[in-house]
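Understanding the architecture of this molecule
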Amino acid sequence: MHRPARGDRGYIRSWQMEPLAPAVLAGLTPRDVEVRFYDDRLEPIPFDEPTDLVALSVETYTARRCYQIASEYRRRGCRS
């Protein structure tokens, strides 16, 4: 297995890549539907904001947090 040299900027760290699934879903959503994207790693999720539907992107190592977010939205009566 090739390991990039220290300082090699061409190496992509998978944990720093933007999730593709939410971008694809946003692109497929009709224009008259408002879409908002929140990244829990960078900002708090505004749970009090009126929300009709929640889509979550999850990877194995973020599953526990994803379940917590889904539970909070369900507790507030939102589908996820």
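Residues numbered from 1 in each chain as written. Predicted model: local features only at pLDDT ≥ 70, side-chain atom pairs only at ≥ 80, totals over all residues. Heavy atoms only, no water.

**Some words on the overall build of the chain**
If you tally the helices and strands in the chain, you get two helices and zero strands. Split into buried and exposed, the 80 residues of the chain put 15% on the buried side. Within the chain, contacts between residues at least 6 apart in sequence are counted, and of these 53% link residues at least 24 apart. Carbon and sulfur atoms provide 54% of the accessible area of the chain, an area that totals close to 7400 Å². (Helix = DSSP H or I, 4+ residues; strand = E, 2+ residues; numbered from the N terminus. Buried < 20%, exposed > 50% of the residue type's maximum accessible area, 1.4 Å probe, protein only. Contact = heavy atoms within 4.5 Å. Areas by Shrake-Rupley, 256 points an atom, 1.4 Å probe, with all protein chains shown as cover.)

**Observations concerning the packing of aromatic side chains**
Following the criterion strictly, the structure yields one aromatic pair and no others. Note on Phe47 and Tyr73: the rings are 5.1 Å apart at their centroids and 55 degrees apart in plane angle, and the pair reads as tilted. Taken together, the residues Phe47 in the loop between helix H1 (20–28) and helix H2 (63–75) and Tyr73 in helix H2 connect sequence positions 26 residues apart. Take Phe47 and Tyr73: they sit in the same class, and that class is buried. (Phe/Tyr/Trp six-rings, centres within 6.5 Å; stacked < 30°, edge-to-face > 60°.)

Read these as geometric descriptors, not functional statements.
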